[in-house]
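Spelled out from the first residue to the last, the chains are:
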Amino acid sequence: MNDKDQPLLQMTDIHIEGYSDERWHPIIKGVDLELRRGQVLGIIGESGAGKSTLGLAAMGFARSGCRFTQGQVVFDGTDLLTLKESQRRKLWGTRIAYVAQSAAAAFNPAHRLIDQTIESATRSQLRPEGESRQDAIELYESLHLPDPANIGERYPHQVSGGQLQRVMTAMAMSSRPDLIIFDEPTTALDVTTQVEVLAAMREIVDQYHTAAIYITHDLSVVAQMADEIKVLRYGEEVEQAETRSMLSAPKEEYTKSLWSVRSLEKPESRSDDIVLALKNIDAAYGKTQVLHGINIELPRGKTVAVVGESGSGKSTAARVVTGLLPQSQGTVMFNGEVLPPSLKDRSPDQLRRIQMIYQMADTAMNPRQTVENIIARPLEFFHNMKGREKEQRLLELLAMIELDESFLDRLPAELSGGQKQRICIARALAAEPDVIICDEVTSALDQIVQEGILKLLLRLQEEFGISYLFITHDIATVKAISDEIVVMYQGKVVEQGLKSQILTPPHPEYTELLLSSVPEMDPDWLTGLLEARDGRAGL
Amino acid sequence: MHPVLVTIVKRLLLGVVTLFVVSAIIFSSISLLPGDFGEAVLGQAATEDTVAAFRKELGLDKPAPARYLDWVKSVAKGDLGTSFSGRSASGQDRSRSVAEMIAPRLKNTLFLASVTALIAVPLALFLGLTAALYRNSWYDRSVNVTTLTTISMPEFFVAYVLILIFASLWKVFPSLATVDIDMAMGERLNRIALPAITLTLVIVAHMMRMTRAAIINLLASPYIEMARLKGASRSEVILKHALPNAWAPIATVIAFNLAYLVVGVVVVEVVFVYPGIGQLMVDSVSSRDIPVVQACALIFAGTYILLNLIADVIGIVTNPRLLHPR
Amino acid sequence: MTDSTDLPEGYSASAEVGALRQRRSRAERSWLALKKAPLSAWFGMIVVAGYVFVALFAPWLAPYGEAQIFATPFAPWDETHRFGTDQIGRDILTRLIYGARNTMGIALVTTLLSFLIGGGLGLVAAINRSWLDQFLSRAVDVLMAIPSLIFALVLLSIFKPSVVSLILIIAVLDSTRVFRLTRAVAINVAVMDYVEVARLRGEKLGWVMKNEILPNIMPPLVAEFGLRFSFVFLTIAALSFLGVGIQPPTADWGSMVRDNASLIQFAQYDLKAGITPLLPAAAIGLLTVAVNFVVDWFLHKTSGLRDEQ
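Worth saying up front: this structure is predicted, and the values here are computed from it rather than measured.

Cut-off values and rules
- Residues numbered from 1 in each chain as written.
- Chains lettered and ligands numbered in written order.
- Predicted model: local features only at pLDDT ≥ 70, side-chain atom pairs only at ≥ 80, totals over all residues.
- Heavy atoms only, no water.
- Helix = DSSP H or I, 4+ residues; strand = E, 2+ residues; numbered from the N terminus.
- Buried < 20%, exposed > 50% of the residue type's maximum accessible area, 1.4 Å probe, protein only.
- Contact = heavy atoms within 4.5 Å.
- Areas by Shrake-Rupley, 256 points an atom, 1.4 Å probe, with all protein chains shown as cover.
- pLDDT = per-residue confidence, 0-100.
- Domains from an automatic or database assignment.
- Buried area = accessible area lost by both parts, 1.4 Å probe.
- Polar contact = N/O pair within 3.5 Å; in protein donor to acceptor, adjacent residues only side chain to side chain.
- Core = buried A, V, L, I, M, F, W, Y, C linked by side-chain atoms within 4.5 Å.
- 1 Å grid on protein atoms, 1.4 Å probe; cavity = no way out; pocket = protein on both sides within 12 Å on 5 of 7 lines; lining within 4 Å.
- Points joined across faces, edges and corners; volume = space filled by probe spheres on them.
- Nonpolar A, V, L, I, M, F, W, Y, C, P; charged D, E, K, R; others polar.
- Salt bridge = Lys/Arg side-chain N within 4 Å of Asp/Glu carboxyl O.
- Pairing = 2+ DSSP bridges.
- Axes fitted to C-alpha atoms, helices over the stretch in contact; angles between N-to-C directions.
- Parallel < 35°, antiparallel > 145°, perpendicular 65-115°, else oblique.

## Side note on the overall build of chain B
Assigned secondary structure in chain B consists of 15 helices and zero strands. For chain B, the spread of C-alpha atoms along the principal axes amounts to about 85 × 60 × 35 Å. The buried share among the 326 residues of chain B stands at 50%. The long-range fraction of contacts in chain B, counting pairs at least 24 apart against all pairs at least 6 apart in sequence, stands at 72%. When the accessible surface of chain B is split by element, carbon and sulfur atoms take 67% of a total near 14900 Å².

Structure (structure tokens):
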């Protein structure tokens, strides 16, 4: 074997370019990376920072449309970039393995899970196929997959997302590689599932003393997994340090700003003036009932956060309020009146007073209309504004969302993610609503941009007394913006109350599971949580 | 019952229903005929009696649904009715049965189509696969431009260019594809060489482009990238990871193009005066021999529906989600 | 720049903006795209422009009248008759020039009509999504189960071939394909959040269609128009060639091929005479190739909504 002091992976001065819009753009601009055997390095950065590209570069792989222009990737003494692809391929899947973001898409639908798990080991003739199968079953077992002896006989579409992600970890582990690249492996999962997958991955990496690169945009997740953290931005390294010191004392301004995001917290206040109330609402898509007698109250000028995992019915509740999905039972009260269930029975004034902002600002704006068209339409439609008056109001609205008039003739494609969401907020404001329904409005944004949007929403609430029904799955966002919290699970409301009440124990069982699953920025959080849960199970 | 069987049975039933609706549409076209067509068929000198007798024979005195039922019953028995031609004003009837007219020609057409398919399908799949594998290479680009040009040409242009070169200037093949039943196989093949080449050129261009598109679409899937990152070689990626998922799109491509062959055959048969069903149909359209037109249309549409049905069934039985339900 | 929210230090909105594409006007962008167009697209555009020119100015460009008959049928190529005369002594060049006008004109009217029917119904079906959508979609499925050339032949055996019946029959048959595409792309747009925003505002259906949906389905429909045009053009040429399409004395390329086909036999004696029937066929081919090249490039530009077919 090689000298113990020599790093397993040494990447120096990596430059990668990508081809788009008929020319080459730099993606990675001279990054160095070093990894010792058994070490776990976290790479963190916002979208477009080049994390995934760097992760794949560690295998000497560039996606189609990308190319290396400079640098070395020395893995265990050989520069991968000087090898022929057929030689590099011998290392892939055997000594360096990859765990992709979306397990559902990364498994071949035509083959059984176990055949895909042992594919690399079998190809490299590491051991007889029978042994590999037995080994795969053992891996499934140590990853806490249900029915490990038989789950491999299934096809990818027959198991859940969280299970697939663990099978993919088993697949990476099957040839006992020296290095695994985890590329945002838990991003697509619900929090309660994420905890299980994280725990399983960490355990197995520890057990086999495998080196790993863990790529994510979520600080608290990387804190659980990594020994060291490298912060990446615009294809360049910002800084790198040991996890604990990075969390407690970041050096660079950019890193500090990333860290400080989670500190925003609105002081709660209560009110008995209810602007919007859902009373015993049942709703169904076709024959499947999604909401079972839910009650939600939204006080005037306050924010009620509706939290729950995918499938909990929180977005369906919003569709009932907007009238897109008329309820089958119950009533919606708005400003003391019964709101007609169906959109087409509501008066223009009722429509004006309830506005909606969406998760994907991209699809919420017509790509062929300018910012001016987008914001001006509600002014014309609801307020009959024309000419000077309309222009005046447009500028006021832009000022409210902290943009200037130079944006008026831009198309959505010419705006950044945060700016797009601001335009959507301006469009909602233009109607002068009482209630704005915010459906995961910050989930698609980078953390720093999220912070800006949340602050803007809070300021607008103070100035105009707007009430928000704020739908989200992210507890940090809930803490930041809400006065009251509604917890939903499987189409039912688990509880509603003031933020402080809901967030302090004792909790109902589901709230407890949900809250405890949210990762914290503490490297010991996962260990502590697992011990606590084991302890409870042992009792 | 296994869900795959359920899906297949549903698809088969849909095919049968479609065939019935299509037959009803083709049948009801006769009701759209102008009132005086009896005279048109029998000639100006036809007496009222002969016209009335003719209308009665067609069943025009009965209501349409009843006529349709009768027609379906006789079609099921292989009786496709009687041709309009050979009738005269005097009421003399030398007309032939449609089935009798069609049978030998259908055999000829099927022969031409099968020969073409045997050459075209493997060739197109090979070209499409290789173009997808080496996409954006000079090979891919030149195949792309050539096929785009070929599919833009009318079939008769391709046909006449071939005649000009291989029959007129350089007498390799006969320009007229006349065949009869007693002809030996070798001679037959020689006679149909030019029509078969014409059809092959057109079909290969279409099929190759669609195969290439289907494969490229498949190669963009994340699981293909994953297979590469697991160290699979190029051939392994194609054979083990792409192909098992490619049967459905490839079957669709083949069925679509064989169906296209059905239509292309009409024009090509006319160019080469080949005694097939396409030529018969065109002649009957010109002479407004409705029963023959209906029978030919029914055969063409039936083939078309059958081919699409087969492609769908292949798609169903190769879909792992249906084969291995949750 | 302008995004001056109270953000933590280290965040710079100008950097966020800087990563974006520079703003250009629509004309500038079209010109840029045009400059980068491949050779095949340029070739296609020039050929199409040439055809349109010939079609528009046929009476001025043609040396003789459309149906003018001269003494010698099948005259050889010479100064008086550039490409000779046909089987009853009409000037081939003249017929070719008028043929451009007739064949292209009829194909264009047919395609427009087919888009009017198919596109209109497709939009309605996509937005309505109720029994009407069900009914139209099933009807189209059935119509498409009959190959359109065969269906056209059946209908032409019933209604006598004339320009009007030809246009109507082909337009109706072809509109099924336009319906399918329009419905599919319109459904993709209709589920977008911005359409929901308009509905939540209480906008009328017509306004939603005109302002939110139509502008976003135009690129694929424009490309489809090119493809449908060449298809309709080929179908009409094929029907005329079979003798059941455009009827004499109207000059058209399909029937010209049919009428002069026998000349091919004489190619070894007089090559010029031999290729005479190929001239109108080549004219048909060249135009469809040109249209296909342009559409291919356009589809490539507006991100392959559909690659081939």
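Still more to cover.
## Topic: the confidence of the model for chain C
Residue and element names in this part refer to chain C. Model confidence for chain C is summarised by a mean pLDDT of 82, while 89% of its residues fall at 70 or above. Of all helices and strands in chain C, the one with the weakest mean pLDDT is helix α1 (residues 13-18) (39), whereas helix α9 (residues 193-201) scores best (92). When the criterion is pLDDT under 50, residues 1-23 qualifies, and its contacts beyond four places in sequence or with other chains add up to 46 contacts. Of the regions scoring below 50 in pLDDT, residues 304-309 engages in 13 contacts with residues more than four places distant in sequence or in other chains. Across the predicted assembly, pTM comes out at 0.81 and ipTM at 0.82.

## Regarding the domain arrangement of chain B
All names here are of chain B. If you check the domain split of chain B, you get domain 1 (1-92 + 287-326) and domain 2 (108-278). Here the C-alpha centroids of domain 1 and domain 2 sit 30 Å apart. In this assembly, ten residues from domain 1 lie in contact with 13 residues from domain 2. The largest contributions to the domain 1 side of the interface with domain 2 come from Phe300, Tyr304 and Leu307, which together make up 47% of the buried area.

## A closer look at the side chain of Gln39(A)
Residues and elements named next belong to chain A. Considering the arrangement of structural elements, one finds glutamine 39 in the loop between β2 (23-35) and β3 (40-44). Under the relative-accessibility criterion, glutamine 39 is labelled buried at 3%. Only 3.5 Å separates the side chain of glutamine 39 from the side chain of glutamate 228, close enough to count as a polar contact. When near neighbours in sequence (up to four residues on either side) are disregarded, glutamine 39 contacts Glu34, Thr210, Ala211, Ala212, Asp227 and Glu228.

## Details of the nonpolar core
Counting 139 residues, the largest nonpolar core has Phe156(B), Tyr160(B), Val271(B), Met281(B), Leu239(C), Phe241(C) and Trp253(C) as the members making the most contacts within it. The two domains that each donate at least three residues to this core are domain 1 (1-92 + 287-326) and domain 2 (108-278) of chain B. Ignoring anything within four residues of it in the chain, the contact list for Tyr160(B) reads Val271(B), Phe241(C), Val257(C), Ala261(C), Ile264(C) and Leu278(C). Residues Ala58(A), Trp92(A), Ala136(A) and Ala211(A) belong to the second largest nonpolar core, which totals 89 residues.

## What to know about the confidence of the model for chain B
Per-residue confidence for chain B gives a mean pLDDT of 83, with 91% of residues at or over 70. When the elements of chain B are averaged for pLDDT, helix α2 (residues 37-42) of chain B gives the smallest value, 64, and helix α10 (residues 222-229) of chain B the largest, 92.

## Regarding empty space enclosed by the protein
Summed over the entire model, instances satisfying the criterion amount to ten cavities of 30 Å³ or more. In this structure, the largest cavity is lined by Ile354(A), Gln355(A), Met356(A), Pro378(A), Cys424(A), Arg427(A), Ala428(A), Val197(C), Leu200(C) and Arg201(C). For the lining of the largest cavity, the secondary-structure elements that each account for two or more residues are β16 (354-357) and α18 (417-430) of chain A together with α9 of chain C. When the residues that make up the lining of the largest cavity are grouped by side-chain class, the tally is seven nonpolar, one polar and two charged.

## What to know about the environment of Gly118(C)
Residues and elements named next belong to chain C. Following the sequence through the fold, glycine 118 ends up in helix α5 (residues 92-128). Note on glycine 118: relative accessible area 1%, which makes it buried. Those residues in contact with glycine 118, other than ones at most four positions away along the chain, are Ser175, Val178, Phe179 and Thr182.

## As for the pattern of salt bridges
Between side chains of opposite charge, pairing is possible as soon as their charged atoms come close. A complete count under the given rule lists 47 salt bridges over all chains for this structure. Where Lys230(B) meets Glu119(A), a salt bridge forms, and the shortest distance between an N and an O atom there is 3.0 Å. Pair noted here: Lys230(B) is in the loop between α10 and α11 (234-242) and Glu119(A) is in helix α5 (residues 119-123), and the two residues belong to different chains. Residue classification places Lys230(B) among the buried residues on the basis of a relative accessible area of 4%. Residue Glu119(A) is classed as buried on the basis of its relative accessible area of 4%. Two residues, Asp141(C) and Arg180(C), come together in a salt bridge whose shortest N-O distance is 2.5 Å. Residue Asp141(C) is found in helix α6 (residues 131-144), and its partner Arg180(C) is found in helix α8 (residues 163-190); the two are separated by 39 residues along the sequence. Note on Arg180(C): relative accessible area 39%, which makes it partly exposed.

## Regarding the interface of chain C and chain B
Taken together, the 46 residues of chain C in the interface contact 48 residues of chain B. When chain C packs against chain B, the two sides together hide about 4200 Å² of surface, and 78% of this comes from carbon and sulfur. Taken together, the connections running from chain C to chain B amount to one salt bridge. For the salt bridge of Arg209(B) with Asp296(C), the shortest nitrogen-to-oxygen distance reads 3.8 Å.

## Observations regarding the pairing of strand β11 (residues 274-285) of chain A
Residue and element names in this part refer to chain A. Taken together, the eight bridges between β11 and strand β12 (residues 288-299) define a ladder with antiparallel strand orientation. Bridge pairing links alanine 283 to leucine 291 in β12. Turn length for the β11-β12 hairpin, with the two strands adjacent in sequence and antiparallel, is two residues, and the turn residue glycine 286 shows positive phi of about 60°. Bridge count for β11 against strand β14 (residues 329-334) is five bridges, and the pairing is antiparallel. Residue pairing in the sheet places leucine 278 in a bridge with valine 332 of β14.

## A short note on the sheet that holds β11(A)
All names here are of chain A. Reading across the sheet, the four strands line up as β12-β11-β14-β15 and stay open at both edges, with antiparallel pairing between neighbours. The open sheet has two edge strands, β12 and β15 (337-339), and neither has a second partner. Direction aside, the axes of adjacent strands within the sheet are offset by 30° on average. In the packing of helix α13 (residues 314-322) onto the sheet, contacts are made with β11, β12, β14 and β15, and the angle to β11 comes to roughly 110°.

## Remarks on the packing of helix α3 (residues 39-56) of chain C against α5(C)
Relative orientation and spacing of two packed helices are given, respectively, by the angle between their axes and the distance between those axes. Residue and element names in this part refer to chain C. Direction vectors running N to C along α3 and α5 enclose 100°, while the axes themselves pass 8 Å from each other. Relative to α5, the element α3 is oriented roughly perpendicular. Between α3 and α5, the contacting residues are Tyr51, Val52, Val54, Ala55 and Leu56 on the first element and Ile97, Ala100, Arg101 and Met104 on the second.

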